[in-house]
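# Breakdown of the fold
The lines below spell out each chain.
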Amino acid sequence: MTRRRLLILAGLLLFAAEPARAEATLTVGAIYVGSVNDYGYNRAMKDGLTAMKEAVPGITLLEAENVPETAEAERIMEGMIQQGAKLIFATSFGHQQFAFNLAKKHPDVVFEHAGGWMQAANFGNFFAATQAAWYPMGVAAGKMTKSNTLGFVAGVPIGFIIGDVNAFALGARSVNPKAEVRVVVTGSWADKAKEAEAANALIDQGADVITMHVDSPATVIQVAESRGVYSIGFQSIEARALAPKGWLTGLGFTWGPFMTATAKSVIAGSFKPAMVRQGLGEGMLAVAPFGNAVPEETRGLVLAAVDKIAKGYNPFTGPLSDNTGAVRLKEGEALGNDKMGDFDWYVAGVIGKAK
Amino acid sequence: MSTPFAAAVLSSSVLSGTSLLYATLGELVGERAGIVNLGLEGIMLIGAAAGFAATSFAGNPYLGIAAAALAGMAGNLLLGYVVIGRGANQLAAGLALLFFGFGASTLIGRPFMGAIVTGLPRLALSELGAFDLLVWLALPAALLLWCLIFRTRWGLALRAVGEDPAVAFAAGRRPGQLQYQALALGGLLGGIGGAHLSLALAMTWDEGMTAGRGFIAIALVIFAKWNPLWAVAGALVFGAAEALQLQLQARGADVSPFLMTMIPYLLTLTILVFWGWSRRSAAPAALGRNFFGVE
């Protein structure tokens, strides 16, 4: 055989050998709104995707960090689809519309968006029901505070975030009726300088436990640590590395099981779109390890509250008034998970204006 | 245990306004020489990223300040080459520098994202409070710059170039060289302004963390009528605007948080409207125009 024919034969054999070697592969694309080194939201998403990749064999993961919540996101996701992605995780609230546009254009690709509400045959929505999970955080804060002032730095005051603040306040006041929560809104999910100023402003007002709902807890926790006050983390339980002295506890998203299940369903062809909102009980959220500052008795109270929430206790049960005195929930009424985005009022004990 | 409101707002304003002041002073020097730098935001970002990277690498925040100053200077000299050396349109070149700054700062800062650094330590140099070194040096820097521009030969030549470079050239000055020097000094100050954000305020680096402060600084130069002393007042006012809305929220003011976050920008617009009312402009006459004469 001539050398040329030998080479052509070798090439064809290689070609033919490829499909026989691989198993069911799935290319998964994921876009993050920030950097995965943020000890926060994006880190938690990355950890979940890493867990998914380890749990399901044959997954190729395409990632893009710092994808803005603009039409640029659509271009980046389109690029991933061109590379063969059949499952796209759009991990930030503001990516929703752009992912939805692409879902209409590519009916064979499955999209999962974090934190929104839109749905289609190939578009599902997922997030953790964070609100109730803040209740045990409030319990920790309420027990540890000496000044009875708790500080909360909020990014964008949408209903879900207001709900977080409310559950935090309810938890704190369940163990310490004198505790008050002061809220400062920075206006952006990630403006580090404003977060630092907001945390300082809250500490100036006497807050000795600081927490937050912004993309990255790093800045707020570092400010709290530098001023010697306690901090409670959010988004990723890894944030405790930032506050060796002041860390009390924290919440972190554990997306791994959900993402693994979704990837498996896409591979099996059995994907069903849904509005997934799971909480502490179902494993979407985890409570971080306690810091050294927390005494045994408080740990017990917090864990008891976690257990209560996991078993289905709803802190938003009437009678409940808002911080202007108006009655919002009557005896026997309760706000279900689907109403968490509708909050536009703070419960009694929160100093701040919701809208 | 809580700080009195006025003291809290004042200390917050000073902290917030320091980076604005350095950036304004940097822009001011360049504009006095006749060069408008729309890419100030990019310079601040480069400074912030370089400062944070150097601090994280070397463990010393003061080295970080030096790195930020040098990086800012390099950025501005790049603009200088494009505008003075090649005669490009200043506004377009400035905007190009803006985007370049975004990209370069991301590149520099990416490996250090999430790093924990010891920021600039707070020094209680007087009873007014404990602030970091850059805050203490801000007012002296403005005073020094005022002396430099209005009380030295170099400053006189600089102003001459900014008013009419042809006349300055005829008088024996070298407009190009002076403009390069002004831009170098301006970049140094702008870089330091950015470094204050990442090393003193937030103690971290994030993409685009200046959040428009560079543009507020450009507006502040107009507010300051190109005078470093007025720039101090301007930076303090704008620092206060931002600090005030956050402190008011923490206090529980009965105003919508959305309206509160608008305050600094509303203030910018209001002041620019009223300040621009007078017909006579204090701007250097040749601001924005390139001098193509023989060097």
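### Quick word on the overall build of chain A
Looking only at helices and strands, chain A features ten helices and 15 strands. Projected onto its principal axes, the C-alpha positions of chain A cover 90 × 40 × 35 Å. Residue burial in chain A is summarised as follows: out of 355 residues, 54% are buried. Partitioning the intrachain contacts of chain A with sequence separation of at least 6 by distance along the chain shows that 67% fall at a separation of at least 24.

### Considerations on the sheet that holds strand 11 (residues 275-278) of chain A
Backbone-to-backbone hydrogen bonds pair the strands of a sheet. The strands run either parallel or antiparallel. Residues and elements named next belong to chain A. Judged by pairing direction, the sheet is parallel, and its six strands sit side by side in the order 2-1-3-4-5-11 without closing on themselves. Both outer strands of the open sheet, strand 2 (59-64) and strand 11, are each paired with one neighbouring strand and no more. Geometrically, the sheet is characterised by an average inter-axis angle of 20° between neighbouring strands, direction not taken into account. Pairing geometry for strand 1 (residues 26-31) and strand 3 (residues 87-90), over four bridges, is parallel. Bridging from a neighbouring strand, G29 pairs with I88 of strand 3.

### Here we look at the confidence of the model for chain B
The predicted model of chain B has a mean per-residue pLDDT of 89, with 96% of residues at 70 or higher. For this predicted complex, the interface score ipTM comes out at 0.79, while the overall pTM is 0.82.

### Regarding the sheet that holds strand 9 (residues 230-233) of chain A
Across the sheet, seven strands lie side by side as 12-10-9-8-6-7-15 (chain A); this open sheet has mixed pairing. Looking at strand neighbours, the two that pair on one side only are strand 12 (285-287) and strand 15 (350-351) of chain A, the edges of this open sheet.

### Considerations on the packing of helix 7 (residues 192-204) of chain A against helix 10 (residues 228-251) of chain B
Where helix 7 of chain A meets helix 10 of chain B, the closest approach of the two axes is 9 Å, and the angle between their N-to-C directions is 45°. The angle between helix 7 of chain A and helix 10 of chain B places the two elements in the oblique class. Two packed elements cross with a definite hand, and for helix 7 of chain A against helix 10 of chain B that hand is right-handed. Residues E197, A198, A201, L202 and D204 of chain A of helix 7 of chain A lie in contact with helix 10 of chain B, whose contacting residues are E242, A243, L246, Q247 and A250 of chain B. Split by residue class, the contact of helix 7 of chain A with helix 10 of chain B holds six nonpolar, one polar and three charged.

### Side note on the domain arrangement of chain A
Residue and element names in this part refer to chain A. Partitioning chain A into structural domains gives domain 1 (3-128 + 255-278) and domain 2 (130-254 + 283-351). Computed over C-alpha atoms only, the centres of domain 1 and domain 2 are separated by 32 Å. Opposite the 17 residues of domain 1 that make contact, domain 2 presents 18 residues. Only helix 2 (41-55), helix 9 (256-268) and strand 11 provide two or more residues apiece to the side of domain 1 that touches domain 2. The dominant element in the side of domain 1 that touches domain 2, judged by the number of residues it contributes, is helix 2, at five residues. Considering only residue class, the side of domain 1 that touches domain 2 consists of eight nonpolar, six polar and three charged.

### Comments concerning helix 1 (residues 5-32) of chain B
Residues and elements named next belong to chain B. With 28 residues, helix 1 extends 38 Å between its outermost C-alpha atoms, agreeing within 8% with the 40 Å of an ideal straight helix rising 1.5 Å per residue. Helix geometry: helix 1 is bent most strongly at G17, by close to 35°. Among the 28 residues that make up helix 1, 24 are buried, leaving the element largely enclosed by the rest of the structure. G34 lies just past helix 1 and shows a positive phi near 100°.

### Re the interface of chain A and chain B
Each partner contributes to the interface: chain A provides 32 residues, whereas chain B provides 31 residues. No other element matches the nine residues that helix 7 of chain A contributes to the side of chain A that touches chain B. Tallied by class, residues from the side of chain A that touches chain B come to 13 nonpolar, eleven polar and eight charged.

### Brief notes about the environment of K339 of chain A
Residue and element names in this part refer to chain A. For K339, the location among the structural elements is in the loop between strand 14 (327-329) and strand 15. With 13 C-beta atoms counted inside 10 Å, the residue K339 sits in the partly exposed group. Sequence separation of K339 and G163 is 176 residues, and the distance between their C-alpha atoms is 9.6 Å.

Reading guide: rules and limits
Numbers given for residues are sequential positions, taken from 1 along each chain in its written order. Chains and ligands are labelled by the order in which they are written, letters from A for the one and numbers from 1 for the other. Per-residue local features are limited, in this predicted model, to residues with pLDDT of at least 70; the limit for side-chain atom pairs, both in listing and counting, is 80 or more; totals at the level of whole chains, interfaces and linings are taken over all residues. The helix count covers DSSP runs of H or I at least four residues long, the strand count covers runs of E at least two residues long, and both are numbered beginning at the N terminus. Three exposure classes are used. Buried residues have 20 or more other C-beta atoms within 10 Å of their own C-beta, exposed residues have 12 or fewer, and partly exposed residues fall in between, all C-beta atoms being placed from the backbone. Whether two residues are in contact is decided by their C-beta atoms, placed from the backbone, lying within 7 Å. In this analysis, strands are considered paired if DSSP registers two or more bridges between them. Think of each axis as a best-fit line through the C-alpha atoms, taken over the contacting stretch in the case of a helix, with angles from 0 to 180 degrees between the N-to-C directions. Per-residue confidence from the prediction method is given by pLDDT, with values spanning 0 to 100. Orientation labels follow simple angle bins: below 35 degrees gives roughly parallel, above 145 gives roughly antiparallel, 65 to 115 gives roughly perpendicular, and whatever is left gives oblique. Crossings are classed by handedness, with left-handed meaning an anticlockwise turn of the near helix from the far one by less than a right angle and right-handed meaning a clockwise turn. Residue polarity is assigned by list, with Asp, Glu, Lys and Arg as charged and Ala, Val, Leu, Ile, Met, Phe, Trp, Tyr, Cys and Pro as nonpolar; anything else, Gly included, falls into the polar class. Throughout, the edges of the domains are those of an automatic or database domain assignment. What a helix should span is 1.5 Å times the count of its residues minus one. To get the bend at any residue, fit one axis to the seven residues that end at it and another to the seven that begin at it, then take the angle between the two axes.

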